[in-house]
Amino acid sequence: MSVAAVEPATAAGETLLKVENVSLSFGGVRAIRDVSFDIRRGEIRAIIGPNGAGKTSMLNVINGFYHPQAGRITYKGATRRRMRPHQAAAQGVARTFQNVALFKGMTTLDNILTGRTLRMHKSFFWQLWRYGPALNEEIEHRKYCEEIIDFLEIERIRKEPVGRLPYGLQKRVELGRALAMQPDLLLLDEPMAGMNLEEKEDMSRFILDVNAEFGTTIALIEHDIGVVMDLSDRIVVLDYGNKIADGKPDEVRSDQKVIDAYLGVVH
Amino acid sequence: MFYREAGQYKTTYQADMSVFPILQDRIGLALIIVAALVLPLVAGEFMIASVMVPFLILALAAIGLNILTGYTGLVSLGTGAFMGVGAYACYKLSTTFPAINILVWIVASGFVSCAVGVLFGLPSLRIKGFYLAVATLAAQFFLQWCFVRVPWLYNYNPSGAIEVPSRTLFGIHVTGASATPTTRYYVALAIVIAVTWIVSNLVHGRVGRSFMAVRDMDIAAQLIGIRLLRTKLLAFAVSSFITGVAGAMMVFLWLGAAEPDAFNINQSFILLFMVIIGGLGSLIGSFFGAALIYVLPIIVRATPETFGLTIGAATVEHLTYLITGALIIFFLIVEPLGLARLWQIGKQKLRVWPFPY
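Not measured: the values here are computed from a predicted model.

Conventions adopted
- Residues numbered from 1 in each chain as written.
- Chains lettered and ligands numbered in written order.
- Predicted model: local features only at pLDDT ≥ 70, side-chain atom pairs only at ≥ 80, totals over all residues.
- Helix = DSSP H or I, 4+ residues; strand = E, 2+ residues; numbered from the N terminus.
- Rg over C-alpha atoms; globule rule 2.2 N^0.38 Å.
- Contact = placed C-beta atoms within 7 Å.
- Buried ≥ 20, exposed ≤ 12 C-beta atoms within 10 Å, placed from the backbone.
- Core = buried A, V, L, I, M, F, W, Y, C linked by C-beta atoms within 7 Å.
- Domains from an automatic or database assignment.
- Expected span 1.5 Å × (residues − 1).
- Pairing = 2+ DSSP bridges.
- Axes fitted to C-alpha atoms, helices over the stretch in contact; angles between N-to-C directions.
- Parallel < 35°, antiparallel > 145°, perpendicular 65-115°, else oblique.
- Left-handed = near helix turned anticlockwise from the far one by under 90°.
- pLDDT = per-residue confidence, 0-100.

### Comments concerning the overall build of chain A
Link 1 in the chain: Within chain A, the secondary structure is distributed over 10 helices and 10 strands.
Link 2 in the chain: Scaling as 2.2 N^0.38, a compact globule of 267 residues should have a C-alpha radius of gyration of about 18 Å, and chain A matches this with 19 Å.
Link 3 in the chain: Along the first, second and third principal axes, the C-alpha set of chain A runs to 65 × 40 × 40 Å.
Link 4 in the chain: For chain A, long-range pairs separated by at least 24 residues make up 68% of all intrachain contacts whose partners lie at least 6 apart in sequence.

### Some thoughts on the overall build of chain B
Link 1 in the chain: Assigned secondary structure in chain B consists of 14 helices and four strands.
Link 2 in the chain: A globule of 357 residues ought to have a C-alpha radius of gyration of about 21 Å, and chain B, at 21 Å, matches this closely.
Link 3 in the chain: Reported as C-alpha extents along the three principal axes, the dimensions of chain B are approximately 65 × 60 × 45 Å.
Link 4 in the chain: Burial analysis of chain B (357 residues in total) assigns 43% to the buried set.
Link 5 in the chain: Within chain B, contacts between residues at least 6 apart in sequence are counted, and of these 75% link residues at least 24 apart.

### Things to note about the interface of chain A and chain B
For interface size, the figure often reported is the accessible area lost on association.
Link 1 in the chain: Each side of the interface is counted separately: chain A has 33 residues, and chain B has 25 residues.
Link 2 in the chain: Of all the elements, helix α5 (residues 133-152) of chain A adds the most residues to the side of chain A that touches chain B, at six residues.

### A word on the nonpolar core
Link 1 in the chain: Counting residues in each nonpolar core, the largest one holds 171 residues, and the members touching the most others are Ile57, Ala59, Leu60, Ala62, Ala87, Ala188 and Met249 of chain B.
Link 2 in the chain: When residues of this core are assigned to domains, at least three map to each of domain 1 (14-92 + 183-262) and domain 2 (101-182) of chain A.
Link 3 in the chain: Apart from residues no more than four positions distant in its own chain, Ala62 of chain B is found in contact with Leu271, Met274, Val275, Gly278, Ser286, Gly289 and Ala290 of chain B.

### Re α5 of chain A
Link 1 in the chain: The terminal C-alpha atoms of α5 of chain A, which comprises 20 residues, lie 29 Å apart, in line with the 28 Å expected from a rise of 1.5 Å per residue.
Link 2 in the chain: Buried within α5 of chain A are the following residues: Ala134, Leu135, Glu138, His141, Arg142, Tyr144, Cys145, Ile148, Ile149 and Leu152 of chain A.
Link 3 in the chain: Buried residues along α5 of chain A sit in contact with α3 (108-114), α4 (124-129), α6 (167-180) and α7 (197-214) of chain A together with α1 (13-16) of chain B.
Link 4 in the chain: A positive backbone phi angle near 55 degrees is found at Glu153 of chain A, which sits one or two residues after α5 of chain A.

### Examining the sheet that holds strand β2 (residues 29-40) of chain A
Where strands meet in a sheet, backbone hydrogen bonds hold them as pairs that are either parallel or antiparallel.
All names here are of chain A.
Link 1 in the chain: Sheet architecture is open: four strands sit in the order β2-β1-β4-β5, paired in antiparallel fashion. This sheet does not close on itself; its edge strands, each paired only once, are β2 and β5 (78-80). Sheet twist, expressed as the mean angle between neighbouring strand axes with direction ignored, is 15 degrees.
Link 2 in the chain: Where strand β1 (residues 15-26) lies against strand β4 (residues 70-75), five bridges are found, and the strand directions are antiparallel. Among the inter-strand pairings, Glu20 is bridged to a residue of β4, identified as Arg72.
Link 3 in the chain: Docked against the sheet, helix α1 (residues 55-62) engages β1, β2 and β4, running at close to 65 degrees with respect to β2.

### Things to note about the domain arrangement of chain A
Residues and elements named next belong to chain A.
Link 1 in the chain: Along its sequence, chain A is carved into domain 1 (14-92 + 183-262) and domain 2 (101-182).
Link 2 in the chain: Taken together, the contacts link 11 residues of domain 1 with 10 residues of domain 2.
Link 3 in the chain: Counting residues per element, the ones that place at least two in the side of domain 1 that touches domain 2 are α2 (85-90) and α7.
Link 4 in the chain: For the side of domain 1 that touches domain 2, the element with the highest residue contribution is α7, accounting for four residues.

### So, the environment of Glu43 of chain A
Residues and elements named next belong to chain A.
Link 1 in the chain: With respect to the helices, strands and loops of the structure, Glu43 is situated in the loop between β2 and β3 (44-48).
Link 2 in the chain: By the C-beta count within 10 Å, which is 20 here, Glu43 ends up buried.
Link 3 in the chain: On a C-alpha basis, the gap between Glu43 and Asn196 in space is 26 Å, while along the polypeptide they are 153 residues apart.

### A closer look at the packing of helix α12 (residues 283-306) of chain B against helix α13 (residues 313-334) of chain B
All names here are of chain B.
Link 1 in the chain: At a minimum axis distance of 9 Å, the contact between α12 and α13 shows a crossing angle of 135 degrees. Classified by the angle their axes make, α12 and α13 are oblique. For the pair α12 and α13, the crossing hand works out as right-handed. Across the interface between the two elements, Leu292, Leu296, Pro297, Val300, Arg301 and Pro304 of α12 pack against Val316, Thr320, Ile323, Thr324, Leu327 and Ile328 of α13.

### Things to note about the confidence of the model for chain A
Residue and element names in this part refer to chain A.
Link 1 in the chain: Looking at chain A as a whole, its pLDDT mean stands at 90, while 95% of the residues score no less than 70.
Link 2 in the chain: Across chain A, the element-wise mean pLDDT spans from 86 in helix α10 (residues 256-263) up to 96 in α3.
Link 3 in the chain: In the predicted structure, residues 1-11 sits below a pLDDT of 50 and forms 16 contacts with residues beyond four places in sequence or in another chain.

### Considerations on the pairing of strand β10 (residues 242-247) of chain A
Residues and elements named next belong to chain A.
Link 1 in the chain: With five bridges connecting them, strand β9 (residues 234-239) and β10 associate as antiparallel partners. By the bridge assignment, Ile235 is partnered in β10 with Gly247.
Link 2 in the chain: Joining the antiparallel neighbours β9 and β10 is a turn of two residues, in which Tyr240 adopts a positive phi near 50 degrees.

### A closer look at the sheet that holds strand β6 (residues 93-96) of chain A
Residue and element names in this part refer to chain A.
Link 1 in the chain: Taken together, six strands build an open sheet; the order of strands is β6-β7-β8-β3-β9-β10 and the sheet is mixed. The strands lining the two open edges of the sheet, one partner per strand, are β6 and β10. Between one strand axis and the next, the sheet turns through 15 degrees on average, direction left out of account.
Link 2 in the chain: Both β3 and β9 contribute to a ladder of four bridges, which runs parallel. The partner of Ile47 across the bridge, within β9, is Val236.
Link 3 in the chain: Along the sheet, α10 contacts β3, β9 and β10; its crossing angle with β10, the most-contacted strand, is approximately 120 degrees.

Spelled out as structure tokens, the structure:
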């Protein structure tokens, strides 16, 4: 199984995911209010906004972890009231988390292999014997995981339990685990939070490479505005659950509402 | 000095992904199995019947609990009762259909215990941690109540106990009063090796990874596409299958007869301690745990006699509790993650010796 030659990033245009009039509330707290936007195939789409704006809630709605009270989600042409986690995963939505959500007791390699769970089909009974079909399948997927490990330059920590790794590497392993799913849509929740400059540069490069080489569509939440403006094709800005702007980085940067709510002005 | 992996190059993923990638480990394992096979030739009857057979059976039950608690992170206090289900199922099946091979019934009783385990595992989707432990406690009390109150389970035996009938395997008595300890030991050893091998296959593959994923971060596991309920129930199924088999073996190969009290909450706690002290999420840890909690007191008890000291029986008993308890605390302070972790650290130290790292 080689890295699939997916259509190049230039194919951007066709809508992959469309969120329409989604509202989500927890009791009296209205986390998302009537937000609509779309993500096109092959683009890097950023979601920005101040803390508590509903960015992470939006990602949770997209991969079915939260169920919105109103609105529709159209993914790959199918319109739904809400997604379900398993359904989202099976249809190629992968996710990394703001606070690293790795399987701490497992090695880097096992974490990445776990990302391929849905693509492994040998039944429980073959797993009992291991030698034979189950091991062959395992080896086939190991090859794919090794390509990801090469790609992310984490060969040295392959057999290391991830709990012992430094934070920057953990984030990278988490990206690897998401990539192992061969996603069509990759949701990155603050992939650069808490990183130093060098780590941020590395991570930015990986995100661009993933987008270019694998043709993966990326939706990204990030607070480092410089990075966001450089990386993304289009940006959605949320504030208190409302969408206040949507467009290309330059348009968003000069939008008065965005400056008031989030970017601020240099005094 | 002899424990080095230098020079052992892996040229295929298959070699790299084997369960024991280091040659010395494989040799060690082979030596242990050979030692276990020749043990009856050198050891006395007490050693075989009262130390090794129970040790193997308890280790197997600990492996069963480890699948649930160590690998999947679901705390269970119903292990004793699930062993009881296996024991009673095996007794009923074997007395109803005496002609069929006892090994078949031991495996079949595992499946009965498996079904009961899945049933009591259903709440695990909604509740976790201590609360799940309480839910499994309900299983413990309910099942133990059944063992007492449903006379059909013990064939209306006036004593309320189950007594193992004599059964043969290839013409040799393996259960009942006429079976020799050596025969029972070999049967137990064969089952334990087979089950351990299968469990080791399971936890090193996709299923084991999904168990650990649920344990370590259930949200992330869900978003990868692992279905929580299905995975947790599978863990309950595998775990109670193994504990059921261990329970059947406990009565048929070790005790010979059992009252409902043999499967009480104490048994559940002892197995949980074995798993915690041995090492959560480690197969070898289950053996270490069983050795520490079951075999160590026997050794402590036998020590004064070996050195020709005459101490009163009661004093020996008290001392045994004291020393075993102290040792358990000592090991937990030295390595809270269990003996398996200690073993791993030791191996790592050996590998790089004489350098510190």
